[in-house]
Every structure is written in structure tokens, then in C-alpha cells.
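# Analysis of the macromolecular model
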Amino acid sequence: MPGIDKLPIEETLEDSPQTRSLLGVFEEDAAAVSSYFSQIFKAMQRIYDAQNELSAATHLTSKLLKDYEKQRFPLGGDDEVMSSTLQQFAKVIDELSSCHAVLSTQLADAMMFPITQFKERDLKEILTLKEVFQIASDDYDVAINRYSRLSKRKENEKVKSEVMEDVYTSRKKQHQTMMHYFTVLNTLQYKKKMTLLEPLLGYMQAQISFFKLGSENLTQQWEDFLTNIGTSVQNVRREMDSEVETMQQTILDMEQASDPLYMPDPDPNKIPVNRNLTRKAGYLNRRNKTGLVSSTWDRQYFFTQGGNLMSQSRGAVAGGLVLDIDNCSVMAVDCEDRRFCFQITSFDGKKAVILQADSRKDCEEWIATINNISKRIYLSENPEETAARVNQSALEAVTPSPSFQQRHESFRPNTQGRPRTARSGSQCSAGSDSPALSSLSLDSLVAPDTPIQFDIISPVSEEHASQAKSGAQGRTNPFGEFEGSQSEEREDSILHQLFIVRFLGSMEVKATENADVIYETMRQILAARAIHNIFRMTESHLLVTCDCLKLIDPQTQVTRLRFPLSSVVLCATHQENKRLFGFVLQTAGGRVDGRPVTVCYVFESNNDGEKICDSVGLAKQIAVHSEMDRKATQKQRDLEKVKEKQKEELNKQKQIEKDLEEQSRLIAASSRPNPPTADGQLVVG
């Protein structure tokens, strides 16, 4: 059915962590459905109880009205009109009471029955199957652990037979239980829709038949709507029946096809060994030394990814690197009293891993697969065809292990007239058949002769010394960042998002036009970490604001690094592993060959790297809009200042004109002759 994800019944036998993780999502959905439908059930139960109460109350009212004429009121006399009127009311209310009783019956059948059946039968069936599946899974884990500890001595054939029979029985029980459990969870996606729609459909139909509301057109509209709903429910039911039939057939096919695979050590004549694989996954036991002679075995899910061997616990979200198996050596080993063991040794011989398979066939396939990967066959266009041509059929395959110096020299590009650079050693992960072409492409993206920085060197202590010597002068930290006169971000920043990240490395790059430079930097840094066995990563808190990006120490809350947002020119995630992301930074320091120094930083996050890149992009958009608003505000302020200045100039001009008029009036008054007084004297003004 479109929009409904299904649990893959075909993958129940493998029982991989991915399948268990998907099963956990469906179990969470089932729990949410159970919680929600419990509330719906309570609400509908209240409707049903209220309707029953209304029916009983209506019947009681009709009965009391009929008994009116039998009452003897001290102040009341015989009132035949009132009694007759109440009898008519009692007759109508009695008919309404019958209608309410019919409505209660309809609600019980059409509304309460489907949801009660879903709650008491379907949801309880899921809980029961969940418990049975957990018991079967635990029984299988106990049986396979007991089988893994079997001795190689032949006198234990009886015990061996019992243990193998126990593994067969428990594995078959777990597989069958898991397939039925998956079927019930898949069916739940259909039943929850029907169980939600059918009671509502019954409720609405019962109400319409009781009230007879509305005009004929409105009734026709409701009938059409309910008819459509009924048709939809029938379609879902038919689709569910078809899907259940398909899943049942799949279970039958899987049971028939998987029966030989229940045995932990199948007959190689029935199931031949495939020696042409370049990818493989499955559960293995890994030996961990706990002392000089003591060791423990841990069962984990192992899988190959390119030239790396990865492992993942059943409850883990993602896998971790175990060993770089490019140019490694692999061989079957005789390991204490354990069978089907093989050892993988790194190309430089510094690290070795001993693993145990469940069967001889599985052991030989793992050895052949790792041997093919060690020869770098997986980089060809048709890996399995290439492996079929070059791989010899051998039960124990050993690949020569060249020295570290030989491997380093073999990966150097063969270019004339050009000195060897430090970048050539990390090109081994590219898998290109043309070293000169790889070198040309590399030089167009990253800067040659540039070391890779694998750790964060916090410049906090250096800042104090630099400030003491040069005052407010800036400096450039080991990452090429300019620090000193940078201003702190505003406290009222709109965006504040915090992410947990781990620093993988940084290196100087050339190009900043597209995300290829980030992909190439990720490849260089991961390859260099694998070559030099560098697995330690510095965890920090990445704070994204509208002004800058900050790397903060989670323990001391001290800012390790600060990147101005304006200098971040590019941000992207890994094409396959979305937890890896990086960004390119144009530093404010010196310039090389007329261009700014550009550094690419690579991180691993707990979240999806795309969310972090989206946050950085959002911060830059907010910063751009804020800058535009700031410029618009500043322009408005400048216009107001100009208007104010013009107003002041105009006032000054008016004052000057007024002063000139006053002076002109005084001069004119002083130039007129003074009139004589009565005694003939002149009055001086």
C-alpha cells in the first residue's frame, strides 16, 4: 500500500542490525498506536455509556409521565387536559426511547465492537509475539554461544550433535517467530486505518439514521460521503487481504529456502563456497586479549566497506573501523580450542585481528573476500568478474604484506621533473589506475606540500602572550585564522544552534568553486588517518550564530576556535556518510601568490551533517539580511541627519536675515534729524 513501509521478511534470516533497527521503529509505531487507540477507546466508551444513560433516562421520563394520572397531589385536582397532554408526550418520548435503544445497539455493534476487537485481539497479539520473539532470540544467542565454544576433540561428538541440534531448533524457531512477528507488524499498518475509520463510520451512520437531520440534499451528501468512506474501507480490506496472502506465501517460500541455512555448519557440497566476493557481511566472534594468556570473545556484526573492515554491535547506530584491509594479509589460523578462525594482519604488520566464523564455508568466504579486497579488486568496474579471473581456488589464502616504505613508494605518482610531495602518500585511497591523472586532479583542488592537521591546537594560551607583547596587534593561529582584533558576536544574535562534532583534520586547499574540494579533502584526511593508525578525535561543541562559528570545549566551555561567518565560503556533507561534513574557510591572514589562504576543515557529527550545513546557510542568509537592514537603517539615519543639517542651515539663514533687518532699522533710525523741544533744545536720541 503506498505510504506504508514494510518490514522485509526476506531479511529475517540474516537478522542484521539494520533489520533490528527497522524493527525497533515498527515497535515504537506499534506502541504509539496502542497508546493512541487506548485514548480513542476511552472516548468512544464514554459516548456509548452516555447513549445508554440517555436511553435509560428517556425511558424513565416516559414512565413517569404515564404515571402522572396516578399521582395524588394534595393541592391538585383531576385535570384531564394535563393528563391527556402528558400521555401524548409520554407516547412520543416512549418512541424516542425506543429509537435511543436502537441507537445504543447500533453503537455497540458498529462503533464499539471493531475498536474493542482491535484492542483486545490485535494489540495483545503483537505484545505476545514480541515476547515470544524475544525468548526465541535469547534462546538462539545462548545456543550459538554454546556452539561457538565447542571443542575440536572428536570424543565430544555426542555433545556436538546435541549442540548443533539445539542451534538448528532455536534458529528455526527464531526465524519463524520473526517472520510471523514482521507479518503482524506490517498488517498493523492496515488495521489501524480500518479500526479508526470503521467505528467513526458506524457512529455517523447510526446518528444519521436516528436524527434524520437536514434536507434531502444534505442527507444525500452525507450518504455519498459515507458511501465513499465505506468503499475506501472495503478497498483497504481487500488490499490488506492481498498483502497478507503475499506475506504468507513469502513465509512459506522463505521457510523452504532457508531450512538448509538453519544449520550453523552447512554441507559445502549443497551450498558451495563463493570465492569471488568483494563485499561481505555477517556475524563473527572477535578475540580480545585480557591478559598475557587470557582472552575473551565478543560477537559482533562485521561488514566490508570499500577497503575497510567495519564492525557494529547489535544495538549500535553505526559501525566503526576495525582495520584497513588494503594490502593486508589474511590466513586461517589454529586458535586454541576454537574452530573456523582466521587472522587479518595490516599491511605494516603492526595490527592483527583474530576472528571466528560460524562455519567452514563462512570462514573460507571471509578469507577469499578479504584477499580480493587486499588486492584492490573492488576498485575495478566488474569486481566479481575480475576476482573470478585472478583468484585461485584455495581454502587458505595469504596475501604478501609489503613494508610501509614499499607501500609508500608504490603509491607515489610517476611524474618527471617534479619533486616528491607529502601528498602522494595519501593517494592510496583514491583507487585510480592513473597516478599522473590523480596527481593533476589533486593539485587542482588541494595545495601540495601542505601537512594535515589532525588535532585542534587551542590558541587561548598564545593569545595572552601575544597581547602582552604586541598589545592589540592581531596574529595568525596554526590553522591560519586571524585573531586579535576580531569582535565578539552580538549577544542578541537571532540564531544559536549547538551541535556535537569531532574534529577529523584540516588542510590547505586551492579551489573553492564547488564541493569537490571538500570531498577530496575528506578522502585525503581519512586515508591519512587509516595509514598512520590515527583514531583519536577531539570532541567539541559547534555553535552556529549569525556572526561566526565557534568550537567550544565541552568541559571548560572555553572557545577553542572562532571562524567569522563571512569567511566561510563553502559547506558540504559527504556523499555517502552524511555524518561527515566540512567547510572551506578563507582566512584573514596573509596571501599566497596573490590569493587568500584557504583551509578546509573536516568534522564528524552525531547528527546529520546536512542539518549543520543548512544551519550555516541559514546563518549566512540571516547575516546578509541583517546587513541589508543595517545599511538601510544607516542610510535612513544619514538622510535624517542631512535633513536636520539643512533645517539648521535654514534657521541660521533666517536668523542672519533677521539680524540684518534689525541693523538696517537701527541705521535708518539713527540717520534721521532729531526734532527741537519747546525750549528750543535738541533731543539727542
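Residues numbered from 1 in each chain as written. Predicted model: local features only at pLDDT ≥ 70, side-chain atom pairs only at ≥ 80, totals over all residues. Heavy atoms only, no water.

Going by what an unreviewed UniProt entry lists, the chain is known as DCC-interacting protein 13-alpha and is assigned to Triplophysa rosa.

### Looking at the overall build of the chain
If you tally the helices and strands in the chain, you get eleven helices and 16 strands. Within the chain, the proportion of its 685 residues that are buried is 40%. Long-range contacts, defined here as pairs at least 24 residues apart, represent 68% of the contacts in the chain between residues at least 6 apart. Looking at the chain as shown, the accessible area adds up to about 39,300 Å², and 52% of this sits on carbon and sulfur atoms. (Helix = DSSP H or I, 4+ residues; strand = E, 2+ residues; numbered from the N terminus. Buried < 20%, exposed > 50% of the residue type's maximum accessible area, 1.4 Å probe, protein only. Contact = heavy atoms within 4.5 Å. Areas by Shrake-Rupley, 256 points an atom, 1.4 Å probe, with all protein chains shown as cover.)

### What about the side chain of Gln51?
Structurally, the position occupied by Gln51 is in helix α1 (residues 17–66). Among the polar contacts listed, one links the side chain of Gln51 to the side chain of His100, at a separation of 2.9 Å. Gln51 has contacts with His100, Leu103, Ser104 and Leu107, leaving out every residue within four places of it along the chain. (Polar contact = N/O pair within 3.5 Å; in protein donor to acceptor, adjacent residues only side chain to side chain.)

### Describing the packing of α1 against helix α3 (residues 157–211)
Two numbers describe how α1 lies on α3: the axes approach to 11 Å, and their chain directions differ by 30°. Taken together, the axes of α1 and α3 lie roughly parallel to each other. Crossing geometry of α1 relative to α3 is assigned as left-handed. (Axes fitted to C-alpha atoms, helices over the stretch in contact; angles between N-to-C directions. Parallel < 35°, antiparallel > 145°, perpendicular 65-115°, else oblique. Left-handed = near helix turned anticlockwise from the far one by under 90°.)

### Things to note about the sheet that holds strand β6 (residues 338–345)
In spatial order, the strands read β4-β3-β2-β1-β7-β6-β5; together these seven strands make up an open sheet with antiparallel pairing. Each edge of the open sheet carries a strand with a single partner, namely β4 (320–324) and β5 (329–335). Between one strand axis and the next, the sheet turns by 40° as a mean value, whatever way the strands run. Pairing analysis gives five bridges linking β6 to strand β7 (residues 352–356), with the strands arranged antiparallel. Bridged to Phe342 within β7 is Leu355. (Pairing = 2+ DSSP bridges.)

### Remarks on the nonpolar core
Membership of the largest hydrophobic core comes to 32 residues, with the highest contact counts inside it found for Leu23, Ile126, Tyr181, Leu185 and Leu188. Those elements that place two or more of their residues in this core are α1, α2 (80–148), α3 and α4 (216–258). Beyond its immediate chain neighbours, meaning those up to four positions away, Tyr181 contacts Leu23, Glu27, Ile126, Leu129, Lys130 and Phe133. By size, the runner-up hydrophobic cluster in this structure holds 28 residues, among which are Ile144, Val163, Met164 and Val322. (Core = buried A, V, L, I, M, F, W, Y, C linked by side-chain atoms within 4.5 Å.)

### Re the packing of aromatic side chains
Under the definition given, this model contains eleven aromatic pairs. Ring geometry for Tyr36 versus Phe37: centroids 5.8 Å apart, planes at 85°, classification edge-to-face. By relative accessible area, which is 41% here, Tyr36 ends up partly exposed. Between Tyr283 and Tyr301, the ring centres sit 5.3 Å apart and the planes meet at 75°, which makes this aromatic pair edge-to-face. Note that Tyr283 is positioned in strand β1 (residues 281–289) and Tyr301 in strand β2 (residues 295–305), a separation of 18 residues in sequence. No difference in accessibility class separates Tyr283 from Tyr301, as the two residues are buried. Among the aromatic residues, ring-to-ring pairing joins Phe503, Phe563, Phe581, Phe583, Tyr601 and Phe603 into one connected group. (Phe/Tyr/Trp six-rings, centres within 6.5 Å; stacked < 30°, edge-to-face > 60°.)

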